[in-house]
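Next come the chains, spelled out residue by residue.
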Amino acid sequence: MNSISNPNPYSQYEKDLVVKTTPIEDDYIVFWNKKLGSGISGPVRICQHRISGEQYALKCLQDRPKSRSEAELHWRSSGHPHIVSCIDVYQNEITLPGEALPKKCLLVILEMMQGGELFDRIRKKISFTEKEASEITTQVASALYHIHHLNIAHRDLKPENLLIQDKGDDVIVQLTDFGFAKIDKGNLMTPQFTPYYVSPQVLEAQKYHRAQKMGNIPVGSAPYTYDKSCDIWSLGVIIYIMLCGYPPFYSENPKKQLSQGMKRRIMQGEYDFPAPEWSKVSDLAKDVVKRMLMISPNERLDIDELVQHPWLNSSVAPDTCLQSPQHMLDADTFELTVSTHNAILADMRIPDTGFVLNPSAADKNPIIMKRKKAQMEMNEMEESHSNNTQVPFGNAPPVYNDSHALKTVRDMIAFLYMPPLDKKNSPTFEEFLRVLTLEALKYNSGMRRLEDALGAEHWNGKEFTRPVNKTHLAKNLSDLLMHNQQFLQRNHHRR
């Protein structure tokens, strides 16, 4: 295998899991009010071994068959350098903080991960290269290789379940959370998933289950099943995001995590490699993504083929800087980056840059089609009304139905999502943004939403006095354009 670590189980994991029934506090000091995070099963707390003083993470699960399965499969998977180790499991009757009555719980002691989640680490990096993405993929593939050869499907592979362990100069990625894991006998049926990372087969299982509940499938029909190849698809999505900063499949409706359009695109494997983010990504990286995001599991890489792919050899992957960190700055703006980047910028042209999204990606994007239709309506309005006509916008000061005025705001948004400027041949980011801002204010004088958006980034009328959060400013400016456009459309229909 290409630089893939062979499974290195500790001797304790060769034995079956023994659930201890002695009080956990005989062996550990539990800090019930110190939370590391929170998952579906509840908060993860900190505990400390009484003899060694070593700190661990404590996961509290309600004692039921599903929790027993999670603990068992995590235990069996442990001992690998890229899987968070399961140290101990207790079954105690305890009263958790905030609860009145005691209940039976499984208390799972896990290796403490100090480095946070994978994507949080990438967001904070000044530069992130394709070589680094390759190294991370190699580590995650190593973990998958280990569990798949134990015939375990993880079924919830996502960035939140990839944690960082800092060991000197080395950054170790480790897989965790076996809450949806299951032994793969070729008969996996339960549609467990997180929208961005779900494979077509899991969506098909969901569709089957719903039809079954509604009585649309005859009694006795063979169930729809899938297998651990769903993990390969999910890792393919993670690689895609690491390389560009946004997912290959997303909802066109920001209020719905998984729209019908998104389901259709996943089921049909409709995605693209739009410029500029993908223009410098190697063909080998694109090849591994394509082969992992094959609709049919039979055509998709399996784990043995994946670990042999040349891109997973970091000496082959180029040291090209990627644009992903700037698109992943804030988890709350992840969906914004997707919709704004693919919808608004697709229709923009920035002078002297040649910067434009891949036309085929734009043509397939339902958001862009809606925006184009709305823009056509605005153009019709602009032909029938003189420029700079003041139109009241709710309780806000006047806005302008002026194509050039609105273009100055669009130019700002486009610039905020551009790659970093070449400092040798271009003005600095701050200088360029200042010029664009003054231009926008010149043609949109009195637009309070614009002034508020700029004020939030410490604009003093002449310049920004603090570093600008590019993603937040782009969001506020996009909202401004959207509100302005919606009002003008409503005003046009009333006429």
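This structure is a prediction, so every number in the text was calculated from the model and none was measured.

Novice: I'm lost on the overall build of the protein in this one. Help?
Specialist: Looking only at helices and strands, one finds 16 helices and eleven strands in the protein. When burial is assessed residue by residue, the protein has 49% of its 495 residues classed as buried. Look at the contacts in the protein between residues 6 or more apart in sequence, and 68% of them connect residues 24 or more apart. Summed over all atoms, the accessible surface of the protein reaches about 24,000 Å², with 49% contributed by carbon and sulfur.

Novice: Explain the pattern of salt bridges here, please?
Specialist: Pairing between side chains of opposite charge can happen when their charged atoms approach one another. Per the counting criterion, the structure on display carries 13 salt bridges. Notably, a salt bridge pairs Asp 120 with Arg 123, separated by 2.6 Å at the nearest N-O pair. Of this pair, Asp 120 and Arg 123 both sit in helix α2 (residues 118-124), three residues apart, which is roughly one turn of the helix. Taking relative accessible area as the criterion, Asp 120 reaches 31% and is therefore assigned partly exposed. Assessed through its relative accessible area of 14%, Arg 123 is described here as buried. Across the pair Asp 166 and Arg 121 runs a salt bridge whose closest N-O atoms are separated by 2.9 Å. Of this pair, Asp 166 sits in strand β7 (residues 162-167) while Arg 121 sits in helix α2, and the two are 45 residues apart along the sequence. Residue classification places Asp 166 among the partly exposed positions, given a relative accessible area of 40%. Because the salt bridges share partners, they merge into one network encompassing Lys 59, Glu 70 and Asp 177.

Novice: Could you clarify how one ought to interpret helix α7 (residues 283-292) in this entry?
Specialist: Every α-helix winds through 3.6 residues per turn, so residues three or four apart in the chain are directed the same way. Taken together, the buried positions of α7 are occupied by Ala 285, Lys 286, Val 288, Val 289 and Met 292. An end-on view of α7 places all buried positions within 160° of arc, on one side of the element.

Novice: Even after reading the chapter, I still don't get the packing of aromatic side chains, so can you show me in this structure?
Specialist: Aromatic rings considered in pairs are described by the distance between their centres and by the relative angle of their planes. A complete count under the given rule lists twelve aromatic pairs for this structure. Between Tyr 240 and Tyr 246, the ring centres sit 6.4 Å apart and the planes meet at 65°, which makes this aromatic pair edge-to-face. What makes Tyr 246 buried here is its relative accessible area of 1%. Ring centres of Phe 273 and Trp 278 lie 4.6 Å apart, and the angle between their planes is 55°; this geometry places the pair in the tilted category. One aromatic cluster is present, built from ring pairs that chain together Trp 233, Tyr 240, Tyr 246, Phe 249, Tyr 271, Phe 273 and Trp 278. If you follow Lys 34 out to its NZ or CZ, it ends over the ring of Phe 31, 4.8 Å from the centre. In this arrangement the basic side chain of Arg 265 is found over the ring face of Tyr 250, its NZ or CZ atom lying 5.7 Å from the centre.

Novice: Would you take a moment to explain the side chain of Glu 457 for this structure?
Specialist: Positionally, Glu 457 belongs in the loop between α15 (448-455) and α16 (470-494). Here Glu 457 sits buried without a salt bridge, and the closest side chain of opposite charge, Arg 466, lies 9.1 Å off (N-O distance). Here Asn 469 takes part through its backbone nitrogen, which lies 3.0 Å from a polar atom of the side chain of Glu 457. Each residue touching Glu 457, except ones within four places of it in the same chain, is listed here: Phe 464, Arg 466, Pro 467, Val 468, Asn 469, His 472 and Leu 473.

Novice: Please clarify how unusual backbone geometry should be interpreted in this entry.
Specialist: The general pattern is negative phi for most residues beyond glycine and trans for most peptide bonds. Omega for the peptide link from Ala 275 to Pro 276 comes to 5°, which places this bond in the cis form. Summarising the element assignment, Pro 276 is placed in the loop between α6 (260-268) and α7. Of note, the phi angle at Asn 151 is positive, near 65°, even though the residue is not glycine. Looking at the secondary structure, you find Asn 151 in the loop between α3 (130-148) and β6 (152-153). Even without glycine at this site, Asp 177 takes up a positive phi of about 60°. Counting through the fold element by element, Asp 177 comes out in the loop between β8 (170-175) and β9 (182-183).

Novice: Where do I start with the nonpolar core in this structure?
Specialist: Where a protein is soluble and globular, its nonpolar side chains tend to be buried together. By size, the foremost hydrophobic cluster in this structure holds 67 residues, and its most contacted members are Met 242, Leu 243 and Leu 306. Looking at this core element by element, the count peaks at twelve residues for helix α5 (residues 229-244). Leaving out residues up to four positions away in the same chain, Leu 243 has contacts with Glu 130, Ala 133, Glu 277, Trp 278, Val 281, Ala 285, Val 289, Trp 311, Leu 322 and Ser 324. Counting 28 residues, the second-largest nonpolar core is a separate cluster that includes Tyr 56, Val 84, Ile 94 and Met 113.

Scoring rules and cut-offs
Residues numbered from 1 in each chain as written. Predicted model: local features only at pLDDT ≥ 70, side-chain atom pairs only at ≥ 80, totals over all residues. Heavy atoms only, no water. Helix = DSSP H or I, 4+ residues; strand = E, 2+ residues; numbered from the N terminus. Buried < 20%, exposed > 50% of the residue type's maximum accessible area, 1.4 Å probe, protein only. Contact = heavy atoms within 4.5 Å. Areas by Shrake-Rupley, 256 points an atom, 1.4 Å probe, with all protein chains shown as cover. Salt bridge = Lys/Arg side-chain N within 4 Å of Asp/Glu carboxyl O. Arc of directions from axis to C-beta. Phe/Tyr/Trp six-rings, centres within 6.5 Å; stacked < 30°, edge-to-face > 60°. Lys NZ or Arg CZ within 6 Å of the ring centre and 35° of its normal. Lys, Arg positive; Asp, Glu negative; His and termini not counted. Polar contact = N/O pair within 3.5 Å; in protein donor to acceptor, adjacent residues only side chain to side chain. Core = buried A, V, L, I, M, F, W, Y, C linked by side-chain atoms within 4.5 Å.

Everything listed is a geometric property; what it means functionally is a separate question.
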